[in-house]
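Remarks on the overall topology
Residue strings, one per chain:
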Amino acid sequence: MQDLKQMWDKVLSKLESMVSFVSYELWIETLEVLDYNDKLVLVANSPSAKRQLLKNHSKELTEAIESVFGENTQYEVLDPEEKEEYLKKNKPQEVVIEPDESKRMMFNPKYTFDNFIVGKSNQFCYAAARAVAENPGHKFNPLFIYGGVGLGKTHLLHAIGNYLKQSNPKLKIEYVTCDQFTNDYIESLGTNKEKGSVKGTAQFREKYRNLDVLMVDDIQFIAGRTSTQEEFFHTFNDLYQQNKQIIISSDRPPKEIETLADRLVSRLTSGLIQDIQMPDFETRVAILRKKAQLERYFIDDDVIEFIAEKVDTNIREMEGLLSKVYFFATLLGKKSASIEEAKEALKEQVDVKKEKLTPEIIIQTVCDYYSIGYNEITGKKKSKEIVEPRMIAIYLISDMLDIPLVTIGKLFGGRDHTTIIHSRDKITELMKKDHKTRTIVNDLKSQISEKC
Ligand code: ADP
Ligand code: MG
């Protein structure tokens with residue numbers, strides 16, 4: 001029999017191309033293979049990961065497992081508590097395969113320069129990152145990138161890493177989040193003072209001060225961590241003096257990180273400080289198209305534009321909506337979702353009603369209600385079937401929107417404001433007396449409110 005690890009790796013690589021990147025990272029790559037006897041026993045890292053995996057991907061999991069282990073291979077997914085139970089009753093036949101932690105440290109292969117869409121909001125950041133990747137330690141040292149959440153800072157850091165790994169595999173590169181750096185440092189101090197703290201610190205220094213490139217993501221979390229700041233300061237100086245490249249990201253510029261020691265602020269500001277902003281609509285559309293292409297989602301352009309329009313502060317959030325629409329379509333058994341289905345899929349996240357109320361929406365709703373044309377209602381015809389809807393539309397516009405009567409007149413083929421007043425008052429009167437008119441107007445109002 002083939003080595004279980006090799007077989008599991010095959011299953012993983014199949015699954016990688018079958019599910020979205022997010023699902024793979026969250027629920028599949030993190031699986032542990034506990035046993036393989038009459039069936040394959042897998043362990044998810046939490047009950048919710050187990051639930052999500054089985055809910056969303058049991059079909060893919062079955063297919064991938066069967067294609068490697070043979071048809072009708074049974075499998076079971078346990079959560080950590082169930083694993084304990086299982087181990088009390090069974091002794092696993094094979095060596096347990098833990099999820100590969102080292103893989104998680106690697107740069108995300110999808111975060112490359114090629115996959116980064118450049119627009120006005122991020123062009124300088126992109127150019128600086130690229131320059132650093134092409135020539136580390138020479139230009140822009142340190143490079144300090146700052147900007148709000150989900151705007152591409154981590155993507156650019158990984159892009160530098162991916163680029164360097166390929167162009168110069170011998171370079172020693174370390175990418176850490178601020179929390180990882182802090183934890184590494186705290187661990188190096190040892191849990192008890194007698195035991196190995198000197199050795200631990202030496203190891204820590206050995207690791208961080210012999211690097212060619214150090215990247216620290218989200219450095220703002222160093223605020224208030226005095227001794228970590230102190231250690232970082234020395235690491236920084238050491239590397240900097242050897243012309244080693246330092247790249248930092250943060251959600252704000254150095255000066256605005258509270259309790260950041262002055263000398264550290266001045267070190268961080270000594271190179272290039274570059275901000276990254278939310279991309280404009282066109283760039284957001286291009287980013288979504290790229291994402292859809294990378295994840296192999298079929299998403300129509302009008303849906304992409306709808307999402308790009310609704311989210312204007314965070315690209316990660318925008319991408320989340322894209323996956324949501326895709327999953328929704330899959331649940332419906334369709335290849336891609338229509339705009340209506342997309343709105344339905346996103347109704348909890350996006351304020352679909354946000355569409356601004358305009359007189360045109362009101363006019364159109366009235367036209368649809370009476371099955372008459374937009375040109376007819378705004379035109380000159382005086383027949384009863386047109387006049388009444390026209391007056392109702394005028395009434396609704398003046399009631400629901402705060403716009404001048406003259407402007408309303410213009411919308412209706414340049415009628416003067418006295419005609420508008422007349423129509424409005426006429427309907428007001430009718431509504432008092434006539435039950436039917438009242439019902440129609442209220443119906444229309446609720447239809448309009450549903451849209452806006
Ligand atoms: P940050 O680190 O600033 O919070 P990330 O780098 O994690 O943000 O980006 C969030 C998501 O948005 C990632 O999936 C990333 O690939 C994507 N993204 C951000 N900017 C761009 C861009 N210009 N082109 C393509 N994808 C982008
Ligand atoms: Mg980030």
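Residues numbered from 1 in each chain as written. Chains lettered and ligands numbered in written order. Predicted model: local features only at pLDDT ≥ 70, side-chain atom pairs only at ≥ 80, totals over all residues. Heavy atoms only, no water.

A look at the overall build of the protein chain
Scanning the protein chain from N- to C-terminus turns up 21 helices and eight strands. Taken against the 2.2 N^0.38 rule, which gives 22 Å for 452 residues, the C-alpha radius of gyration of the protein chain at 30 Å runs more than 25% over that of a compact globule. Based on the C-alpha atoms only, the size of the protein chain along its principal axes is roughly 95 × 65 × 40 Å. Expressed as a percentage of its 452 residues, the buried residues of the protein chain come to 45%. In the protein chain, of all internal contacts separated by at least 6 residues, the share reaching a separation of at least 24 is 72%. As displayed, the protein chain has an accessible area near 24300 Å², and 50% of this comes from carbon and sulfur atoms. If the 64 positive side-chain charges of the protein chain are averaged to one point and the 71 negative ones to another, these points end up 4 Å apart. (Helix = DSSP H or I, 4+ residues; strand = E, 2+ residues; numbered from the N terminus. Rg over C-alpha atoms; globule rule 2.2 N^0.38 Å. Buried < 20%, exposed > 50% of the residue type's maximum accessible area, 1.4 Å probe, protein only. Contact = heavy atoms within 4.5 Å. Areas by Shrake-Rupley, 256 points an atom, 1.4 Å probe, with all protein chains shown as cover. Lys, Arg positive; Asp, Glu negative; His and termini not counted. Charge placed at Lys NZ, Arg CZ, Asp CG, Glu CD.)

Digging into the pairing of strand 2 (residues 40-43)
With burial as the criterion, each face of strand 2 is covered, one bearing L40 and L42 and the other bearing V41 and V43. Here strand 1 (residues 32-36) runs beside strand 2; their pairing, made up of four bridges, is antiparallel. Each bridged residue has a counterpart across the sheet, and for D35 the counterpart in strand 2 is V41. Here strand 1 folds back onto strand 2 in antiparallel fashion, the turn holding three residues. Bridge count for strand 2 against strand 3 (residues 75-78) is four bridges, and the pairing is parallel. Among the inter-strand pairings, V41 is bridged to a residue of strand 3, identified as E76. Regarding the hand of the β-α-β motif, the stretch spanning strand 2, helix 3 (residues 47-69) and strand 3 is right-handed. (Pairing = 2+ DSSP bridges. Right-handed = clockwise from strand over helix to strand, strands pointing away.)

Overview of the sheet that holds strand 8 (residues 272-275)
Read from one edge to the other, the open sheet built from five strands follows the order 5-6-7-4-8, with strand pairing classed as parallel. Strands with a single pairing partner mark the edges of an open sheet, and in this sheet they are strand 5 (173-177) and strand 8. Between one strand and the next, the sheet's axes are offset by a mean angle of 15°, whatever the strand orientation. As defined by bridge partners, strand 6 (residues 213-217) adjoins strand 7 (residues 245-250) across four bridges and the pair is classed as parallel. Residue pairing in the sheet places L214 in a bridge with I246 of strand 7. Strands in contact with helix 7 (residues 153-167) are strand 4 (143-146), strand 5, strand 6 and strand 7; relative to strand 6, the strand with the most contacts, it is inclined by about 160°. (Axes fitted to C-alpha atoms, helices over the stretch in contact; angles between N-to-C directions.)

Some words on helix 2 (residues 21-28)
Every buried residue of helix 2 is listed here: F21, S23, Y24, W27 and I28. Those residues of helix 2 that are buried lie in contact with helix 1 (4-18), helix 3, helix 12 (281-295) and helix 14 (315-331).

Comments concerning the side chain of E295
Looking at where E295 falls in the secondary structure, it is placed in helix 12. The exposure class of E295 is buried, given its relative accessible area of 12%. Residues in contact with E295, not counting those within four places in the same chain, are S20, F21 and K110.

With respect to the side chain of R390
By secondary structure assignment, the location of R390 is in helix 18 (residues 384-400). With no salt bridge to any partner, buried R390 finds its closest opposite charge in E376, at an N-O distance of 8.5 Å. In this structure, R390 is in contact with E376, I377, G379, K380, K381, F412 and R415, ignoring residues within four places of it in sequence. (Salt bridge = Lys/Arg side-chain N within 4 Å of Asp/Glu carboxyl O.)

With respect to the packing of aromatic side chains
The description of an aromatic ring pair uses the distance of the two centres, along with the angle that the planes make with each other. According to the stated counting rule, one finds 15 aromatic pairs in the structure shown. Measuring from ring centre to ring centre gives 5.9 Å for F116 and Y126, while their planes differ by 10°; the resulting arrangement is stacked. Linking F116 in the loop between helix 5 (101-105) and helix 6 (123-134) with Y126 in helix 6, this pair joins segments that are 10 residues apart in sequence. Given a relative accessible area of 9%, F116 falls into the buried group. For Y126, a relative accessible area of 17% gives the class buried. (Phe/Tyr/Trp six-rings, centres within 6.5 Å; stacked < 30°, edge-to-face > 60°.)

Some words on the nonpolar core
Residues L156, I160, M215 and I307 are the most contacted members of the largest nonpolar core, which totals 49 residues. Two domains each put at least three residues into this core: domain 2 (123-276) and domain 3 (281-351). Contact partners of I160, with chain neighbours within four places excluded, come to F113, A129, V132, A133, M215 and I247. By size, the runner-up hydrophobic cluster in this structure holds 26 residues, among which are L12, L15, L42 and A49. (Core = buried A, V, L, I, M, F, W, Y, C linked by side-chain atoms within 4.5 Å. Domains from an automatic or database assignment.)

A look at the site of ligand 1
For ligand 1, the set of nearby residues contains 18 residues, the closest of which are G150, K153, H155, R316 and E319. The contact in question runs from an oxygen atom of ligand 1 to an N or O atom on the backbone of G152, over 3.1 Å. Taking K291, its side chain carries an N or O atom lying 3.1 Å from an oxygen atom of ligand 1. Its free accessible area being 560 Å², ligand 1 has 96% of it covered by the protein chains. Elements with a minimum of two residues in the shell around ligand 1: helix 7, helix 12 and helix 14. Among the residues forming the shell around ligand 1, the class breakdown is seven nonpolar, seven polar and four charged. Both domains that meet at the shell around ligand 1, namely domain 2 (123-276) and domain 3 (281-351), each give it at least three residues. (Near = heavy atom within 4 Å. Polar contact = N/O pair within 3.5 Å; in protein donor to acceptor, adjacent residues only side chain to side chain. Nonpolar A, V, L, I, M, F, W, Y, C, P; charged D, E, K, R; others polar.)

A few points about unusual backbone geometry
Looking along the chain, the bond that leaves N141 and enters P142 is cis, with omega of -5°. The topology assignment puts P142 in the loop between helix 6 and strand 4. Of note, F140 is a non-glycine position whose phi angle comes to about 50°, a positive value. Within the secondary structure layout, F140 lies in the loop between helix 6 and strand 4. For F140, a relative accessible area of 30% puts it in the partly exposed group. A positive phi angle, near 55°, is found at S371, a position not held by glycine. With respect to the element layout, S371 can be found in the loop between helix 16 (359-370) and helix 17 (374-378).

This is a description of form; function is not addressed.
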